[in-house]
Each structure stands twice: as C-alpha cells, then as structure tokens.
Amino acid sequence: MNRAYHKWFSSGLHRNMELLVFGHSGRAVLFFPTRMARFYDYENWGIVDALKDKIESGELQLFCVDSIDAESFYNHWVHPAERINRYLQYEQYIITEVIPFMEAENGGYSFEVAGCSMGAYHAINLAMKHPTLFNKVVCMSGRYDLTQQIGDFKDLFDGYRNDDIYFNMPLQFMTNMEDGVVLDTIRKIEIIQAIGETDPFIHSNRDFSNVLAAKGIPHNLYVWNNYAHRPRYWKQMVNLYL
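Procedures and definitions
Residues numbered from 1 in each chain as written. Predicted model: local features only at pLDDT ≥ 70, side-chain atom pairs only at ≥ 80, totals over all residues. Heavy atoms only, no water. Phe/Tyr/Trp six-rings, centres within 6.5 Å; stacked < 30°, edge-to-face > 60°. Helix = DSSP H or I, 4+ residues; strand = E, 2+ residues; numbered from the N terminus. Buried < 20%, exposed > 50% of the residue type's maximum accessible area, 1.4 Å probe, protein only. Arc of directions from axis to C-beta. Contact = heavy atoms within 4.5 Å. Pairing = 2+ DSSP bridges. Right-handed = clockwise from strand over helix to strand, strands pointing away. Salt bridge = Lys/Arg side-chain N within 4 Å of Asp/Glu carboxyl O. Polar contact = N/O pair within 3.5 Å; in protein donor to acceptor, adjacent residues only side chain to side chain.

Caption draft 1: Spatial organisation of the packing of aromatic side chains. By the definition in use, this model includes 18 aromatic pairs. Relative to Phe101, the ring of Phe63 lies with its centre 6.1 Å away and its plane at 85 degrees, an arrangement referred to as edge-to-face. Placement of the pair is Phe63 in strand 4 (residues 60-65) and Phe101 in helix 3 (residues 80-106), with a sequence separation of 38 residues. In this structure, Phe63 and Phe101 share a single accessibility class: buried. The structure contains a cluster of three or more aromatic residues connected by ring pairs, namely Trp8, Phe32, Phe63, Tyr90, Tyr93 and Phe101.

Caption draft 2: Local environment of helix 9 (residues 231-241). Within the sequence span of helix 9, burial applies to Tyr233, Trp234, Met237, Val238 and Tyr241. Seen end-on, helix 9 carries its buried residues on one side only, within an arc spanning 135 degrees. Check the buried side of helix 9 and you find it contacts strand 3 (27-32), helix 2 (52-56), strand 5 (111-116), strand 6 (134-140), strand 7 (190-196) and strand 8 (220-224).

Caption draft 3: A look at the pairing of strand 5. Extensive coverage of strand 5 is indicated by the burial of six of its six residues. In strand 5, alternate side chains face the same way, and those of Phe111, Val113 and Gly115 on one face and Glu112, Ala114 and Cys116 on the other are all buried. Where strand 5 lies against strand 6, six bridges are found, and the strand directions are parallel. In the sheet register, Glu112 faces strand 6, and the bridge partner there is Lys136. The handedness of the strand 5 to strand 6 crossover, carried by helix 4 (residues 118-129), is right-handed.

Caption draft 4: Spatial organisation of the pattern of salt bridges. A complete count under the given rule lists twelve salt bridges for this structure. For Arg27, the salt bridge goes to Glu112, with nearest N and O atoms at 2.9 Å. Note that Arg27 is positioned in strand 3 and Glu112 in strand 5, a separation of 85 residues in sequence. According to the relative accessible area criterion, Glu112 is buried, its value standing at 6%. A salt bridge links Asp66 to Arg38, with the nearest nitrogen and oxygen atoms 2.8 Å apart. You can see Asp66 sitting in the loop between strand 4 and helix 3 and its partner Arg38 sitting in the loop between strand 3 and helix 1 (41-44), a full 28 residues away along the chain.

Caption draft 5: Summary view of the side chain of Ser10. Examined against the element boundaries, Ser10 turns out to sit in strand 1 (residues 3-10). For Ser10, the side chain forms a polar contact with the side chain of Glu97, separated by 2.8 Å. Apart from residues no more than four positions distant in its own chain, Ser10 is found in contact with Arg15, Met17, Tyr93 and Glu97.

Caption draft 6: Expanded view of the side chain of Asn168. By the element assignment, Asn168 lies in the loop between helix 5 (163-166) and helix 6 (170-173). Side chain to side chain, Asn168 and Lys129 meet in a polar contact 2.5 Å long. Not counting residues up to four positions away in its chain, the partners in contact with Asn168 are Ile84, Tyr87, Leu88, Glu91, Tyr121, Asn125, Lys129 and Phe173.

Shown next, in the form of structure tokens:
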C-alpha cells in the first residue's frame, strides 16, 4: 500500500509535527492516536495492516496524526489552564494545518475522524465542535469527560474548571447544547461508539449515548465482550466500523 511520511514546522504549536498517510484515494480518515502515543503506533500495532485491503483498493485513505498529550492533558507540571490552552493550540493545528493538507492530498472536503482510547476523545470532541468538517466519527474505547475520575484514571485538571475545559468535554457541553443549526448538522454525522463491557469507560460511553439520544442524534453504541481496550480488539473494530 502507499505509505507517505510528512513533517513540517507548525507555526501554531511552535514545533515540528509528523504524520503518516496510508493509501492513495477513497474516504479520508483523520486518525488520532491513543493516550500520549505517536503517529506510527497504529502501524506498529498492525491496525493499519488490518485495513490493508480497503486501503489498497482505494476505498480508504488514513491520515495518522501525532499527539501532544504530554504537553497538554498529561503535563502535570503546569497549571490546568495551561493544559487546556495547549490542547486548543493542538486543535487549531488540526483544523488550520492538517485539514487543508488532507484536502490537498485527497481532493475531498468532507472527512471521517476516528481514534482509540484518548484518540476517541479527540475524535468526538472535534466532530461535535466542528460538525461541518466531518460526515462520520468512530470512537473506540473512548472517554468523553476528562474531568471525571474513573477508577485509576484521574481528573486531568485536578479539580480546576473554566469555560475552555467545559466546552471541550463532550459529555458536558453536549448535554446543554440547545436546538439549532449546530445540532442539526451533528444529526447528519454517522456516529459510532465501540467499547468493551468491562472497560472502565463503559459508563462514559453509555452516558454519552444517552445524551445523544436525548438530543435526537442518530448513533450506534456497540458493546464488546470483555475489556476490549487493546490493539488486538481495535484491529477488529476498524475493519467493522471504518
């Protein structure tokens, strides 16, 4: 399959950023990595290879971006306000640099977005905030409110709250979103959640599913057997849902 490595200096992030593109045409998928993972991990874990037939046939084109989670949500050396601000800079990098790059490479103007674990958070947050950019979102083993402590997974803002945090926690801001153009646009997106029945994030997924249902947003929540928070399960999920 076609594989292309790209690297450029991001003026918004003030650092070099890297990504991998797999495939030559088809549905363009922006693929976010797992927690503090790298742009090459899905390839190393065999998840890209699980989509080989779709990629080689020109049905699918993957854009595997890098993460800066260690500089944002997991940078416990800085104040929580700085953590969310760094995330917002990353979001702008995706919107103003990666999305135009995808348009140039793929020729399309409506994309899909996906991710596993923390990548699922990135995918759903971006899609709910910028629904005109995407026609499908696939979230595997995701967590949709990073302020909640779930088992060993801490509140990533240490109890601190501000508007930037609120408006980037899908489980929070979607609950209070009023009817209008934005919700109407979200209703046109194909939304898929997949989660293991013993995954600690199962309640986050069910809660978010309930929010979507209450807003009249069509979606599918697939609950897998066992934990299913591992690459061997994600390889099966991407084949079914991407």
